[in-house]
Amino acid sequence: MVKKQDNIIVGLDLGTTKVCAIVGEVKETGQVDIIGIGISPSHGLKKGVVVNIDSTVESIKKAVQEAELMAGVEINAVYVGISGSHIKGINSRGVVAIKNREVGATDVARVIDAARAVNIPMDQQILHVLPQEFIIDDQDGIKEPHGMFGVRLEAKVHIITGAVTSIQNIVRSCSRAGLSVNDLVLQPLASSRAVLTTEEQDLGVAVVDIGGGTTDLALFLEGSLWHTEVLPIGGNHLTNDIAIGLRTPASEAEKIKIKFGCALSSLVKHEETLDVPSVGGRPPRQLSRQILSEIIEPRVEELFGMVQQKLKKTGFEDMFASGIVLTGGTALMEGIQEAAERYLGLPIRRGAPRNIGGLMDVVNSPIYATGVGLVLYGAENQDEAPRKFSRGGMMNKFWKWLGEYI
């Protein structure tokens with residue numbers, strides 16, 4: 001039986017190692033049930049950016065077809081995650097006068113428009129404008145200004161931009177796979193939506209999403225996003241180190257990392273061993289697991305060293321009462337929590353999707369945080385997305401220009 005389409009939301013996680021399509025069904029109560037999952041190896045993306053459109057299209061088609069079969073629906077539109085070193089995040093503020101002394105929807109729209117009026121490079125496109133707080137006549141900390149009285153309204157926002165060419169290539173890949181894009185969503189924003197609690201966001205928390213090609217950082221304070229960063233290091237760097245260090249094919253190095261990898265060599269027993277396939281038809285070798293861990297540990301230390309450096313640079317490093325939430329596939333590695341606590345000096349937990357129904361036992365893993373987060377984001381913003389990405393909406397000029405190339 002084919003389900004109704006109007007309550008179906010699909011998230012498409014375009015990763016460096018995998019493409020994942022997750023289908024969610026929104027119930028009348030607002031509950032989101034996961035009803036379909038499709039995964040295919042990612043061929044055509046590198047560090048979150050499309051480098052081969054044909055390969056990307058094929059990976060998308062395979063993942064979507066698998067999700068369609070499981071969910072019993074036809075997928076035509078998706079919410080797509082976007083990441084990569086081209087992503088930039090800046091904080092801005094805008095001020096307007098309140099015409100009728102009572103804040104209305106038009107006043108909020110005007111002040112956000114004023115805040116987004118910042119100079120960005122011609123090759124960058126605004127993806128998100130996320131309100132942090134509103135200020136009415138010097139009264140700060142206001143989250144919902146509607147109905148309040150005053151003469152001056154100010155907004156602080158976090159603006160996220162991405163490279164126009166990268167956006168174009170993602171949208172074009174989806175289009176060639178027969179899909180329209182409801183919205184492009186920053187991947188750490190989606191992951192955060194899936195794994196964080198409201199209390200963590202209010203107290204202050206950092207999400208570290210360790211993907212295949214990049215590590216995404218999102219900092220939340222007082223319930224709002226204050227900083228985003230994309231680091232050019234991820235799980236594939238560990239795989240490459242293992243392949244070189246153990247002289248084994250990259251495909252075998254990935255399997256060894258998943259099955260035997262440990263981020264801290266002090267946690268590995270000396271007598272533990274593993275069989276390592278060789279290259280060129282040579283027989284496999286038996287090596288100590290300690291050697292594998294000694295290859296992984298320096299790269300993990302480098303990763304968390306970069307995270308710590310970025311946290312200090314923001315000036316917020318002492319404001320994360322809730323600590324750090326690790327997500328992404330590499331967050332499953334043995335010893336990764338202990339390593340993060342050692343290098344960052346903050347409480348650490350693994351983040352898996354929460355507050356969903358349906359195939360909860362299947363997606364209850366950091367691997368699916370972004371995909372599930374995209375579905376949850378879509379469920380909350382499905383009324384706005386068609387306007388945002390329609391040819392008559394805010395992005396009209398961009399889509400008109402983009403249409404010439406698709």
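Values in this document were obtained by computation on a predicted structure and should not be read as measured data.

Peer 1: Is there a simple way to explain the nonpolar core in this structure?
Peer 2: Taken as a class, soluble globular proteins show a tendency for nonpolar side chains to be buried jointly. Leu12, Val23, Ile60, Ile75 and Val80 are the most contacted members of the largest nonpolar core, which has 65 residues in total. The greatest single-element share of this core, amounting to seven residues, is contributed by helix α1 (residues 53-71). The contact partners of Ile75, leaving out residues within four places of it in the chain, are Val10, Val23, Val64, Ala67, Glu68 and Leu179. In this structure, Leu274, Ile295, Leu303 and Phe304 belong to the second largest nonpolar core, which totals 40 residues.

Peer 1: How do you make sense of the pairing of strand β2 (residues 18-26) when you look at a structure like this?
Peer 2: A regular strand places its side chains on the two faces of the sheet in alternate fashion. Within β2, nine of the nine residues are buried, which leaves it mostly tucked inside the rest of the structure. Burial along β2 is two-sided: Lys18, Cys20, Ile22, Gly24 and Val26 and Val19, Ala21, Val23 and Glu25, pointing in opposite directions, are all buried. Examined bridge by bridge, strand β1 (residues 8-14) and β2 share seven bridges and lie antiparallel to one another. If you follow Ile9 over to β2, its bridge partner there is Gly24. Where β2 lies against strand β3 (residues 32-41), nine bridges are found, and the strand directions are antiparallel.

Peer 1: Help me out: how do you make sense of the pairing of β1 in this one?
Peer 2: The buried fraction of β1 amounts to seven of the seven residues, a majority that puts the element mostly inside the structure. Alternating residues of β1 divide into Ile8, Val10, Leu12 and Leu14 and Ile9, Gly11 and Asp13, and every residue in both groups is buried. Hairpin connection, β1 to β2: the antiparallel pair is bridged by three residues. Bridge analysis of β1 against strand β6 (residues 77-82) gives two bridges, and the strand direction is parallel. Note that in β6 the partner of Gly11 across the bridge is Tyr79.

Peer 1: I would appreciate a short explanation of the sheet that holds β1 in the present structure.
Peer 2: Either a parallel or an antiparallel arrangement is found when strands of a sheet pair, and the pairing is made through backbone hydrogen bonds. Taken in spatial order, the six strands of this open sheet run β11-β6-β1-β2-β3-β19, and their pairing is mixed. This sheet does not close on itself; its edge strands, each paired only once, are β11 (180-186) and β19 (357-358).

Peer 1: What should I look at first to understand the confidence of the model for the protein in this one?
Peer 2: Atomic detail in the predicted coordinates should be set aside for any region of low pLDDT. Residues at a pLDDT of 70 or more form 93% of the protein, whose mean pLDDT is 89. When pLDDT is averaged over each element of the protein, strand β17 (residues 324-327) comes out on top at 96 and helix α13 (residues 396-403) at the bottom at 43. Considering only residues more than four positions removed or in separate chains, one finds that residues 387-406, a stretch of pLDDT under 50, has 33 contacts.

Rules of the game
Residues numbered from 1 in each chain as written. Predicted model: local features only at pLDDT ≥ 70, side-chain atom pairs only at ≥ 80, totals over all residues. Heavy atoms only, no water. Core = buried A, V, L, I, M, F, W, Y, C linked by side-chain atoms within 4.5 Å. Buried < 20%, exposed > 50% of the residue type's maximum accessible area, 1.4 Å probe, protein only. Helix = DSSP H or I, 4+ residues; strand = E, 2+ residues; numbered from the N terminus. Contact = heavy atoms within 4.5 Å. Pairing = 2+ DSSP bridges. pLDDT = per-residue confidence, 0-100.

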